[in-house]
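Now for the letters of each chain:
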Amino acid sequence: MIFSSSLVLGATAVSLVAGLALPSPIQEASLLQRDIDPGQDSRSCSSIKDVCSPDTISDPSNALSHAACIALVVCESPKDFLAQFPPNQPRLSRDAFNAVSGGSDVITQQQFIDFYYGTIASINSTIATSNSSANLLTPEYPSSAETVIAWWQDAVAWTGFCSTSSIPYSNFADWIEYSTATGVCGAVQSCDAAKNAATPACVPQRPTDNGSCAEMVSQCILFAGNTTHIFDNEYCVLASFCYSQSTVDVLIKALVQDDYLYIGQPVLSINQPRLTQSVFNTLSGGNTVVTQQNVIDAYYGLLTNTLRSCGGPPGAVTPCPSGSSGPYPTDVSYVTDFWETVSAWTGFCSTRNIPYKNLADYLQYSSTVKAPTSC
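Rules used in this analysis
- Residues numbered from 1 in each chain as written.
- Predicted model: local features only at pLDDT ≥ 70, side-chain atom pairs only at ≥ 80, totals over all residues.
- Heavy atoms only, no water.
- Disulfide = S-S within 2.5 Å.
- Helix = DSSP H or I, 4+ residues; strand = E, 2+ residues; numbered from the N terminus.
- Buried < 20%, exposed > 50% of the residue type's maximum accessible area, 1.4 Å probe, protein only.
- Phe/Tyr/Trp six-rings, centres within 6.5 Å; stacked < 30°, edge-to-face > 60°.
- Salt bridge = Lys/Arg side-chain N within 4 Å of Asp/Glu carboxyl O.
- Contact = heavy atoms within 4.5 Å.
- pLDDT = per-residue confidence, 0-100.
- Axes fitted to C-alpha atoms, helices over the stretch in contact; angles between N-to-C directions.
- Parallel < 35°, antiparallel > 145°, perpendicular 65-115°, else oblique.
- Nonpolar A, V, L, I, M, F, W, Y, C, P; charged D, E, K, R; others polar.

**Quick word on the state of the cysteines**
- Applying the stated criterion across every chain, the model contains eight disulfides.
- Bridging Cys 220 to Cys 236, the disulfide has an S-S length of 2.0 Å. With the S-S bond torsion at 90°, the cross-link from Cys 220 to Cys 236 turns out right-handed. Taken as a pair, Cys 220 in helix α11 (residues 212-223) and Cys 236 in helix α12 (residues 234-242) lie far apart in primary sequence, 16 residues in all. Judged on exposure class, the residue Cys 220 and its partner Cys 236 are both buried.

Structure representation (structure tokens):
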């Protein structure tokens, strides 16, 4: 059997979980209508560590082979969960998934609710028969089933199953494995449309980014002013390029959110003033095209001896030397990859040398006009 016997979560626990399905609409309503107590909910989640922590499981290098750890990874989040265990955890196995799904192809929201409550009940049972209960946290049920639903909905949103709240095996395993990776974005930020609209967009990035694009955006913010003319400085133009897996408009919205003094709707790329000739000339070295090597040199150059704000209101800060450089991409392919996207959209895959008009068009129209993004 894949699950550790120390968890008391073998067949007995699975049957116990199944037995905790809310048996009547009245009982279900009472669970959902309770006032939510964040403190109690946090203690409930933490108490699962009694049976899922590097100190309490036999093989912490394969934590998710223990059923209770599946409850913990959902209530804590994959980021907080994985930080406690040795790196390079194996991918969630189908057997472990089946312990929650009952052998079906998906875990439904109700199945996870039942499983979570069953896990807490199993811990109570363990403590009742343990000779070392003094070392264990006091298990608590959540203050409301709504809390468990909210935890589950984080996974549902990332995997993109908002319409059913039921997650298939591969998608659930992907959420655990990849949702903590920098630059990897889920389907949506929230299944609540209003919350999703108000949440800053996740910006997908290539693994070689290494935080360099975020730093370029930070440099752009220093010069973006009121964000109504961002194509008049090199930093914002380079930031637009490294947002190639997203859109220039997503960058503009992020800049507006940073400038809390800005009033009104963002001036999106299609309504921004064109790329200035002076910025183009700086990037191209005064030539008629910007080459791939020009962009590599500019990207690394602008991340060297970076700047910071020395005061002033948002939109009108005074830049001064930060005394540091980077972070740089882990490989130059990061720059050549995003330049490939720009080259493909503008139709210059064969040379990757882009004239002024085409580069200005990319900045202004690529958010709204579909075109190839790969050579």
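**Points about the packing of aromatic side chains**
- Per the stated rule, a full pass over the model turns up 19 aromatic pairs.
- Summarising the aromatic geometry, the rings of Phe 81 and Phe 85 are spaced 4.9 Å apart at their centres and angled 40° between planes, so their arrangement reads as tilted.
- Classification of Phe 81 by relative accessible area gives buried; the value is 0%.
- Geometrically, the ring pair formed by Phe 97 and Tyr 169 is edge-to-face, given 5.5 Å between the ring centres and 75° between the ring planes. With Phe 97 in helix α6 (residues 94-101) and Tyr 169 in helix α9 (residues 169-178), this residue pair connects regions lying 72 residues apart in the sequence. Taken individually, Phe 97 and Tyr 169 each receive the classification buried, so the pair is uniform in this respect.

**Quick notes on the pattern of salt bridges**
- This structure, assessed with the given rule, holds eight salt bridges.
- The shortest N-O distance in the salt bridge between Lys 357 and Asp 361 comes to 3.0 Å. Taken together, the positions of Lys 357 and Asp 361, both in helix α17 (residues 356-365) and four residues apart, correspond to about one turn of that helix.
- Asp 361 sits in the buried class, given a relative accessible area of 13%.

**Concerning the side chain of Ser 166**
- Looking at where Ser 166 falls in the secondary structure, it is placed in the loop between α8 (145-159) and β2 (167-168).
- Residue class for Ser 166 comes out buried when judged on its relative accessible area of 14%.
- In this structure, Ser 166 is in contact with Val 106, Ile 107, Thr 108 and Phe 161, ignoring residues within four places of it in sequence.

**A closer look at the confidence of the model for the protein chain**
- Model confidence for the protein chain is summarised by a mean pLDDT of 86, while 86% of its residues fall at 70 or above.
- Throughout residues 1-33 the model reports pLDDT below 50, and contacts reaching past four residues in sequence, or to other chains, amount to 53 contacts.

**Quick look at α6**
- Turning to α6, its buried residues number three or more, namely Ala 96, Phe 97, Ala 99, Val 100 and Ser 101.
- Just downstream of α6, Gly 102 is the residue with a positive phi angle, here 70°.

**Points about unusual backbone geometry**
- Look at the link from Gly 326 to Pro 327: it is a cis peptide, with omega at 5°.
- Relative to the elements of secondary structure, Pro 327 occurs in the loop between β5 (319-321) and α16 (333-346).
- Positive phi outside glycine occurs at Ser 165, with the angle close to 60°.
- In this structure Ser 165 comes out as buried when scored by relative accessible area, which is 11%.

**Quick word on the packing of α12 against helix α14 (residues 277-284)**
- At a closest axis distance of 10 Å, the pairing of α12 and α14 adopts a crossing angle of 70°. Put simply, α12 runs roughly perpendicular to α14. Residues Glu 234, Val 237 and Leu 238 of α12 form the contact with α14, whose own contacting residues are Val 279, Thr 282 and Leu 283.
- Along the lines of polarity and charge, the residues of the contact of α12 with α14 split into four nonpolar, one polar and one charged.

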